[in-house]
Amino acid sequence: MHAALTFTVYDQLRDFSHNASNWETFHINIKKYELYSKDNSGIKGVLHDMAIQKIVHIVQKEGGTQLKLIIEFAGEGKALFKPMR
């Protein structure tokens, strides 16, 4: 097999993640059974971005019995806000 053909999707994501934003890095690291691991250092970056970026749009997500808000940020990224009961 040609060497260029053995380049995996994982390799591409790893190379991409060196230049990725906090949001992109968060999404790259989502696993099948967890959004993030407890030792994921990228969470601090996403939380920092959420704290300093301007909110440009908020909409209430329809359906269900609990309040859920989709928040869009100016730089990039969206967050689902669901208050704990």
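Figured I'd write up the structure that's included with this text. Source: prediction; values computed, not measured.

### Some thoughts on the layout of surface pockets
(1) Moving on: Its boundaries defined by the atoms lining it, the largest pocket holds a volume of some 290 Å³.
(2) Moving on: In terms of lining, the largest pocket is formed by W23, F26, H27, I30, L35, Y36, I43, V46, L47, M50, K78 and A79.
(3) Moving on: If you list the elements that add at least two residues to the lining of the largest pocket, you get α2 (22-28), α3 (42-52) and β3 (78-81).
(4) Moving on: Here the lining of the largest pocket takes four residues from α3, the largest share from any one element.
(5) Moving on: Along the lines of polarity and charge, the residues of the lining of the largest pocket split into ten nonpolar, one polar and one charged.

### Comments concerning the packing of aromatic side chains
(1) Moving on: This model, assessed by the stated rule, comprises two aromatic pairs.
(2) Moving on: Here W23 and F73 contribute two aromatic rings whose centre-to-centre distance is 5.6 Å and whose plane-to-plane angle is 40 degrees, an arrangement assigned as tilted. Of this pair, W23 sits in helix α2 while F73 is found in strand β2 (residues 69-73), placing the two residues 50 residues apart along the sequence.
(3) Moving on: Here W23 falls in the buried class, since its relative accessible area comes to 5%.

Reading the values: the criteria
- Residues numbered from 1 in each chain as written.
- Predicted model: local features only at pLDDT ≥ 70, side-chain atom pairs only at ≥ 80, totals over all residues.
- Heavy atoms only, no water.
- 1 Å grid on protein atoms, 1.4 Å probe; cavity = no way out; pocket = protein on both sides within 12 Å on 5 of 7 lines; lining within 4 Å.
- Points joined across faces, edges and corners; volume = space filled by probe spheres on them.
- Helix = DSSP H or I, 4+ residues; strand = E, 2+ residues; numbered from the N terminus.
- Nonpolar A, V, L, I, M, F, W, Y, C, P; charged D, E, K, R; others polar.
- Phe/Tyr/Trp six-rings, centres within 6.5 Å; stacked < 30°, edge-to-face > 60°.
- Buried < 20%, exposed > 50% of the residue type's maximum accessible area, 1.4 Å probe, protein only.

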